[in-house]
Structures are given as C-alpha cells and as structure tokens.
Amino acid sequence: MKVSLPREIPRRAALVVVALALIAGVVAGREELSSDPQAAPEPAPAPAMNGAAPQAIPDLDLDKLNRSVRNNRITDLFASKAAAPTAPPVAVAITPPPPPPPAPPSAPPLPFRYFGKWIDGDRTVVFLWNNGEGQSVAAGDTVEGAYRIEAITDSAIDFVYLPLGSKQTLPISNPE
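Only a predicted model underlies this, so the values are computations on that prediction, with no experimental measurement involved.

(A) Expanded view of the overall build of the protein. Counting its regular elements, the protein contains one helix and nine strands. Look at the contacts in the protein between residues 6 or more apart in sequence, and 26% of them connect residues 24 or more apart. With an accessible surface of roughly 16,200 Å², the protein has 59% of that area assigned to carbon and sulfur atoms.

Written as structure tokens, this is what we have:
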C-alpha cells in the first residue's frame, strides 16, 4: 500500500520523524510504569567493593533540610551579622573644576618675506615683501602701523608687534 501525500517528502526526513515518534512512545511507557503509586521501588544493588560485605545506607532525615522560620519569615543564611544598620551616605555635590584660564594673546605670524638688503655705510636697509607690495625699511621704522623694526643683523630682522609689545624674529638667508 502506497500512501499518497500532497508533497514529496524525502525518505531521510520521514525516517527521522518515525524514529522520534518511537523513542517518545518508549519514554512515555516507562513514565507510566514508574508513576504507579502502589509499585514498590526496587532497591538498587550496592556496588561490590573488593569482596567486602555491602553496608546498609542510613536513612536521610528530611526534617533537617527544612529552613527555620522566625516571625513568619525565613531566615537568610547569607545575611550579615551587623548589629545596627549604618546611616546612608550623604550625597556630596561634586563641582567641576574651573575652566583653565584663557591663553594670553599672542602676536600673529609675521606677514613679511625677506627680499634683500642694501648697506650704505652705517645704515642698513632691508626690502620686505607683503601682499604683493615691496617696502624698504630700516631700524626704528614702523611698518603697517603694527610692527616696529628693532634691529637688523646679518642673520635676522627683529620686530616688535606694537599692540602687545611682543618680539618676533624674521630669519635672513644670505645669498651665496
């Protein structure tokens, strides 16, 4: 007799389903046998220990396993033995540290480029380039109303940024 199913089921899947159904039937049958209240449980055989006579296992006193009850409360086995509870900690307001002080103002970078110099006796004149314009300046001159030339040496030009009074140096490269 061939069973007709709406879809084809693979043989392996059908075998797995049948095997699980048989195992479930066997397990259910064992539970029914062991759930009979009038059936006396058979004692398990004691393991033999090197030819020694089996010893009787003492009965377990189940009353010792119950927890003690005090004032309708079960005692906590892990409770602390402190005499009195401590006061709750007082909340302390934590204030954030004050922000760091602002950095002191500093002069902007020098807007000049060294273009060349001309020495006439004791007087040295340097040529500076700024924003597409060339200027000739000497020591003591004020440039663009914000910079004063302090000194001109063979290796650098010393400026003072007048709004802050800070000193700045523009290095000079000697042509070879």
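From this point on, the discussion continues.
(B) Geometry of the sheet that holds strand S4 (residues 123-130). Taken in spatial order, the three strands of this open sheet run S3-S4-S5, and their pairing is antiparallel. The sheet is open, and its two edges are formed by strand S3 (113-120) and strand S5 (133-138), each paired on a single side. The sheet shows a mean angle of 25° between the axes of neighbouring strands, direction not considered. Inspection of the sheet shows S4 paired to S5 by six bridges, in the antiparallel sense. The residue bridging Asn 130 from the neighbouring strand is Glu 133, located in S5.

(C) Representation of the pattern of salt bridges in the model. Tallied over the full model, the rule gives two salt bridges. In this structure, Asp 154 and Lys 117 form a salt bridge, with 3.5 Å as the shortest nitrogen-oxygen distance. Placement of Asp 154 in the loop between strand S7 (147-152) and strand S8 (156-161) and of Lys 117 in strand S3 is noted, with a sequence separation of 37 residues between them. Asp 154 gets classed as exposed once you look at its relative accessible area, which sits at 57%. In this structure Lys 117 comes out as partly exposed when scored by relative accessible area, which is 27%. Residue Glu 150 pairs with Arg 148 through a salt bridge whose shortest N-O separation is 2.8 Å. The exposure class of Glu 150 is partly exposed, given its relative accessible area of 35%.

(D) Spatial organisation of the side chain of Gln 168. Looking at the element boundaries, Gln 168 is found in strand S9 (residues 166-171). By relative accessible area, which is 14% here, Gln 168 ends up buried. Residues contacting Gln 168, with those up to four places away along its chain left out, are Ala 107, Pro 108, Pro 109, Leu 110, Tyr 147, Ile 157, Asp 158, Phe 159 and Tyr 161.

(E) The arrangement of unusual backbone geometry in detail. One non-glycine residue, Asn 131, lies in positive phi territory at about 50°. Here Asn 131 lies in the loop between S4 and S5. The phi torsion at Glu 144 lies on the positive side, around 55°, for a residue other than glycine. Within the fold, Glu 144 resides in the loop between strand S6 (142-143) and S7.

(F) Expanded view of the confidence of the model for the protein. Model confidence for the protein is summarised by a mean pLDDT of 79, while 69% of its residues fall at 70 or above. Confidence, expressed as mean pLDDT per element, reaches its minimum in the protein at strand S1 (residues 69-70) with 63 and its maximum at S8 with 95.

(G) Inspection of the sheet that holds S6 at higher detail. Pairing in this open sheet of four strands is antiparallel, and the strands run S6-S7-S8-S9 from one edge to the other. Each having just a single partner strand, S6 and S9 make up the two edges of the open sheet. Pairing of S6 with S7 involves two bridges; the strand directions are antiparallel. If you follow Thr 142 over to S7, its bridge partner there is Arg 148.

(H) Geometry of a nonpolar patch on the surface. On the surface, Phe 115, Trp 118, Phe 127 and Trp 129 cluster together to form a nonpolar patch covering roughly 450 Å² of accessible area. Going through the elements one at a time, S3 and S4 are the ones with two or more residues in the nonpolar patch.

(I) Fine view of the environment of Ala 107. With respect to the helices and strands, Ala 107 occurs in the loop between strand S2 (73-74) and S3. For the pair formed by Ala 107 and Pro 163, sequence separation is 56 residues and the distance between their alpha carbons is 8.4 Å. Other than its neighbours up to four places away in sequence, Ala 107 contacts Tyr 161, Leu 164, Ser 166 and Gln 168.

Parameters and conventions
- Sequence order as written defines the numbering, with residues in each chain counted from 1.
- Reporting of local features is limited, given that this is a predicted model, to residues whose pLDDT is at least 70; pairs of side-chain atoms are given and counted only at 80 or more, and all residues count toward the totals for whole chains, interfaces and linings.
- Note: side-chain values were computed over all heavy atoms of the structure, leaving out hydrogens and water.
- Segments assigned H or I by DSSP are reported as helices when at least four residues long, segments assigned E as strands when at least two residues long, and all are numbered from the N terminus.
- It only takes one pair of heavy atoms within 4.5 Å for two residues to be counted as in contact.
- Note that accessible areas follow from Shrake-Rupley with a 1.4 Å probe, and for residues the cover is restricted to the protein chains shown.
- In this scheme, strands are said to pair when DSSP sees at least two bridges between them.
- Helix axes use the C-alpha atoms of the stretch in contact, all axes being lines fitted to C-alpha atoms, and the angles between their N-to-C directions lie in the range 0 to 180 degrees.
- Note on definitions: salt bridges are taken to be side-chain nitrogens of Lys or Arg within 4 Å of carboxyl oxygens of Asp or Glu.
- Only protein chains enter the accessibility calculation, which uses a 1.4 Å probe. A residue is then buried if its area is under 20% of the maximum for its type, exposed if over 50%, and partly exposed in between.
- Per residue, pLDDT captures the predictor's confidence, and it can take any value from 0 to 100.
- Patches here are clusters of residues that have more than 30% relative accessible area and form no salt bridge, with a 9 Å joining cutoff for like charges and a 5 Å cutoff for nonpolar side chains (Val, Leu, Ile, Met, Phe, Trp, Tyr).

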